[in-house]
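Examining the three-dimensional arrangement
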Amino acid sequence: MGEEVTQTEFSRAHRQEYRRKVQLCLDVFETMLAQSSFDVERPLTGMEIECNLVDDGYQPAMTNADVLTSIADPAYQTELGAYNIEFNVPPRPLPGRSALDLEADVRASLNEAESKAGRFGSHIVMIGILPTLMPEHLAGDWMSESTRYQALNDSIFTARGEDILIDIGGPERLSLHAATIAPESACTSMQLHLQVSPGDFATNWNAAQVIAGPQLALGANSPFFFGHELWSETRIELFTQATDTRPEELKTQGVRPRVWFGERWITSIFDLFEENVRYFPSLLPELSDEDPVAELAAGRTPKLSELRLHNGTIYRWNRPVYDVVGGRPHLRVENRVLPAGPTVLDMLANSAFYYGLLRALADDDRPIWTKLSFAAAERNFRAAAQYGIDARLYWPGYGEVTADELVLRELLPLAHEGLRQWGVAAEVRDRFLGVVEGRAKAGRNGATWQVATVRALQERGATRPEALAEMLRLYCERMHANAPVHTWDGPA
């Protein structure tokens with residue numbers, strides 16, 4: 001859920017002091033990059049899975065407070081909506097057979113959480129956007145109890161000065177105005193973390209930006225919102241619009257959105273934090289008592305709380321992370337591209353594809369971003385969000401090519417090689433990348449299955465709401481069976 005805050009209103013003097021403190025943190029961070037010892041001895045991977053709660057009718061259940069009390073595990077936390085929870089998977093190394101243990105551990109933890117949620121008539125669903133969510137569900141007490149969320153809502157609307165327009169095309173265009181950031185709560189994702197050294201950060205971030213389009217094409221799982229069939233991964237455009245602090249005039253002037261792909265390849269992690277400070281005003285100007293200059297001078301590791309909090313309100317699809325664990329600083333690339341679901345196996349297949357490709361591309365002697373423009377990488381990302389596995393993507397040496405052909409001919413061999421370089425066991429590579437291969441060959445991911453199933457149910461006479469609820473019931477059955485989505489059948 002991000003860093004908590006203690007207040008929702010801030011004076012002008014307070015905001016001015018926060019700006020000074022953020023700049024001070026940035027200066028200290030620059031010094032640390034040049035001088036300090038970051039923890040890179042044992043690179044770790046991490047995962048966060050955002051989930052939805054539904055009732056026995058597969059409608060949103062605003063029960064996360066009760067469910068989290070019942071689960072009683074600090075790995076599970078609140079998210080923005082009262083029908084959302086987040087599962088933070090403990091970090092672990094990538095090599096060997098650890099991913100098989102991870103699959104078993106994640107399934108066991110989610111099954112136990114599902115059992116405890118059932119005491120309140122609730123069920124856990126891993127999906128990019130809950131398809132049964134409708135405007136009326138977000139008209140009442142939809143928000144989790146959190147000062148941070150209320151402050152974020154208030155700050156975004158103070159900055160805009162007007163309601164947010166949600167306008168998304170696709171087969172069934174949706175256009176409406178929102179008076180809160182409630183639509184953002186519909187977006188549930190899987191976040192992948194990789195701990196890297198300062199010297200390796202830029203190549204890994206650039207590689208992650210290149211991969212974003214293919215990731216989405218394969219993993220799209222969010223075709224419905226408020227009953228409308230929109231993009232294959234509607235979550236991308238919905239999240240972009242639902243947190244936009246810019247009125248139309250500022251968009252026209254080229255002011256950057258807070259949900260941001262970026263605009264250039266980088267040479268250092270400092271580039272990203274410096275852009276954050278230069279381009280984006282604060283949304284949550286909470287001040288800490290820390291003097292980062294004094295902490296560093298005393299030989300301690302500064303938390304840089306203001307810089308980290310500010311970074312947490314700028315929603316890059318690949319976000320830079322500075323953190324301190326056990327008194328030692330480290331850096332991570334946080335990949336925020338993928339939706340949650342459909343199954344634990346599918347999500348781990350997506351993560352294996354990502355980590356393998358990342359290693360192969362970052363280690364290349366002639367990096368692909370020297371042959372691919374940043375604008376082309378962003379166009380791939382947008383096309384994949386809109387069309388999913390049917391998207392056409394640009395790739396050096398191929399030109400414009402279908403996503404499945406690109407994956408099968410170029411990216412899967414690279415992912416295998418990258419995982420091999422990580423020291424991942426052959427059986428792990430074969431299990432998870434075999435799922436990616438099957439998905440590409442079948443041309444089926446979560447989004448295509450959802451759309452085909454809803455259409456089949458409507459052709460049998462179901463209304464759209466009935467079809468969405470029944471599709472979600474079938475989805476949950478298959479989610480628990482853990483067979484990969486490309487093998488799922490439709491309604492019986």
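Described below are features of the structure shown in this document. (Residues numbered from 1 in each chain as written. Predicted model: local features only at pLDDT ≥ 70, side-chain atom pairs only at ≥ 80, totals over all residues. Heavy atoms only, no water.)

Below, the discussion takes up helix α4 (residues 147-160). The end-to-end C-alpha separation of α4 is 20 Å, in line with the 20 Å expected for 14 residues at 1.5 Å each. Among all positions of α4, only Arg-148, Tyr-149, Ala-151, Leu-152, Asn-153, Ser-155, Ile-156, Phe-157 and Arg-160 are buried. Buried residues along α4 sit against α1 (12-35), β2 (76-78), β5 (164-168), β6 (174-178), α10 (305-311) and β11 (315-316). (Helix = DSSP H or I, 4+ residues; strand = E, 2+ residues; numbered from the N terminus. Expected span 1.5 Å × (residues − 1). Buried < 20%, exposed > 50% of the residue type's maximum accessible area, 1.4 Å probe, protein only. Contact = heavy atoms within 4.5 Å.)

Turning to the packing of aromatic side chains, a few remarks are in order. Scanning the entire structure with this criterion turns up 19 aromatic pairs. Each ring, one from Phe-225 and one from Phe-226, has its centre 3.9 Å from the other, and the planes form 20°; the classification is stacked. Seen from their ring centres, Trp-260 and Tyr-279 are 6.0 Å apart, and the 85° between their planes marks the pair as edge-to-face. Of this pair, Trp-260 sits in strand β10 (residues 259-260) while Tyr-279 sits in helix α8 (residues 269-279); the two residues are 19 residues apart in sequence, bridging distant segments of the chain. The structure contains a cluster of three or more aromatic residues connected by ring pairs, namely Trp-205, Phe-239, Phe-261, Trp-265, Tyr-315, Trp-317, Trp-369, Phe-374 and Phe-381. Positioned above the aromatic ring of Tyr-279, the side-chain terminus of Arg-256 is 3.6 Å from the ring centre. (Phe/Tyr/Trp six-rings, centres within 6.5 Å; stacked < 30°, edge-to-face > 60°. Lys NZ or Arg CZ within 6 Å of the ring centre and 35° of its normal.)

In helix packing, the relevant descriptors are the interaxial angle and the interaxial distance, both defined with respect to the helix axes. Their axes nearest at 7 Å, the elements helix α5 (residues 198-219) and helix α12 (residues 374-387) cross at an angle of 25°. Of the possible angle classes, the one that applies to α5 and α12 is roughly parallel. Judged by the twist between their axes, the crossing of α5 over α12 is left-handed. Here Trp-205, Gln-209, Ala-212, Gly-213, Leu-216 and Ala-217 of α5 come into contact with α12, specifically with Phe-374, Ala-377, Asn-380, Phe-381, Ala-384 and Ala-385. Looking at the contact of α5 with α12 residue by residue, the classes come out as 9 nonpolar, 3 polar and no charged. (Axes fitted to C-alpha atoms, helices over the stretch in contact; angles between N-to-C directions. Parallel < 35°, antiparallel > 145°, perpendicular 65-115°, else oblique. Left-handed = near helix turned anticlockwise from the far one by under 90°. Nonpolar A, V, L, I, M, F, W, Y, C, P; charged D, E, K, R; others polar.)

Let us now look at unusual backbone geometry. With an omega dihedral of -5°, the bond running from Gly-341 to Pro-342 counts as a cis peptide bond. Looking at the secondary structure, you find Pro-342 in the loop between β13 (328-339) and α11 (344-362). Its identity is not glycine, yet Phe-226 carries a phi of approximately 50°, on the positive side. Judged by relative accessible area, Phe-226 falls into the buried class, the value being 9%. Its identity is not glycine, yet Asn-482 carries a phi of approximately 70°, on the positive side. Residue classification places Asn-482 among the buried positions, given a relative accessible area of 7%.

If you look at the biggest cluster of nonpolar residues, it comprises 160 residues, and the most contacted ones within it are Phe-29, Ile-49 and Phe-353. At 13 residues, α11 tops the list of elements feeding residues into this core. (Core = buried A, V, L, I, M, F, W, Y, C linked by side-chain atoms within 4.5 Å.)

With 24 residues, α1 extends 35 Å from end C-alpha to end C-alpha; this agrees with the ideal 34 Å at 1.5 Å per step. Packing partners of the buried residues in α1 comprise α8, α9 (292-297), α10, β12 (318-325) and β13.

The subject of this paragraph is the packing of α11 against helix α13 (residues 403-422). Running from N to C, α11 and α13 cross one another at 80°; their axes reach a closest spacing of 7 Å. Relative to α13, the element α11 lies roughly perpendicular. On α13, the residues that touch Ala-352, Phe-353, Tyr-355, Gly-356, Leu-357, Arg-359, Ala-360 and Leu-361 of α11 are Val-407, Leu-411, Leu-412, Leu-414, Ala-415, Gly-418, Leu-419, Gln-421 and Trp-422. Considering only residue class, the contact of α11 with α13 consists of 13 nonpolar, 3 polar and 1 charged.

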